[in-house]
Amino acid sequence: MLSTSHLILVAFVALLVFGGKRLSGIMREFALGLRYFKRGANDFSRKRNHFRRNR
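Sequence order as written defines residue numbering, which begins from 1 separately in each chain. Side-chain atom pairs in this predicted model are given and counted only at pLDDT of 80 or more, local residue features only at pLDDT of at least 70, and totals for whole chains, interfaces and linings cover all residues. Think of the side-chain values as coming from all heavy atoms in the structure, minus any hydrogens and water.

S.K.: Help me out: how do you make sense of the overall build of the protein chain in this one?
M.R.: Numbering of helices and strands runs from the N terminus, with a helix taken as a DSSP run of H or I at least four residues long and a strand as a DSSP run of E at least two residues long. Scanning the protein chain from terminus to terminus reveals two helices and zero strands. Our radius of gyration looks at C-alpha atoms and nothing else; its globule reference is 2.2 Å times the residue count to the power 0.38. What you see for the protein chain is a C-alpha radius of gyration of 18 Å, clearly larger than the 10 Å of a compact globule of 55 residues, by over 25%. A principal-axis box enclosing the C-alpha atoms of the protein chain has dimensions of 55 × 25 × 10 Å. Here's how the labels work: a residue is buried when its accessible area is under 20% of the maximum for its type, exposed when over 50%, partly exposed in between, all with a 1.4 Å probe on protein chains only. Relative to its full complement of 55 residues, the protein chain shows a buried share of 4%.

Structure, rendered in structure tokens:
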């Protein structure tokens, strides 16, 4: 498990490697992908529950 100091170090290195503007774009795309993943997982769960109730 990563501690807070590890996460700060990783964020600092990422900022140095990618730069602020590019890193914000990467994080925006990551958040969008996570949102789509959650939406798909919720849809799957909803359909599975609907199928189980209507059997």
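S.K.: Can you help me understand the pattern of salt bridges in this one?
M.R.: Two side chains with opposite charge may pair up if their charged atoms get near one another. Salt bridges, as used here, are contacts in which a Lys or Arg side-chain nitrogen is within 4 Å of a carboxyl oxygen on Asp or Glu. If you walk through the whole model with that rule in mind, you get one salt bridge. A salt bridge links R46 to D43, with the nearest nitrogen and oxygen atoms 3.0 Å apart. On the criterion of helical spacing, the pair formed by R46 and D43 is a turn pair, its members being three residues apart in helix α2 (residues 20-53). Residue class for R46 comes out exposed when judged on its relative accessible area of 52%.

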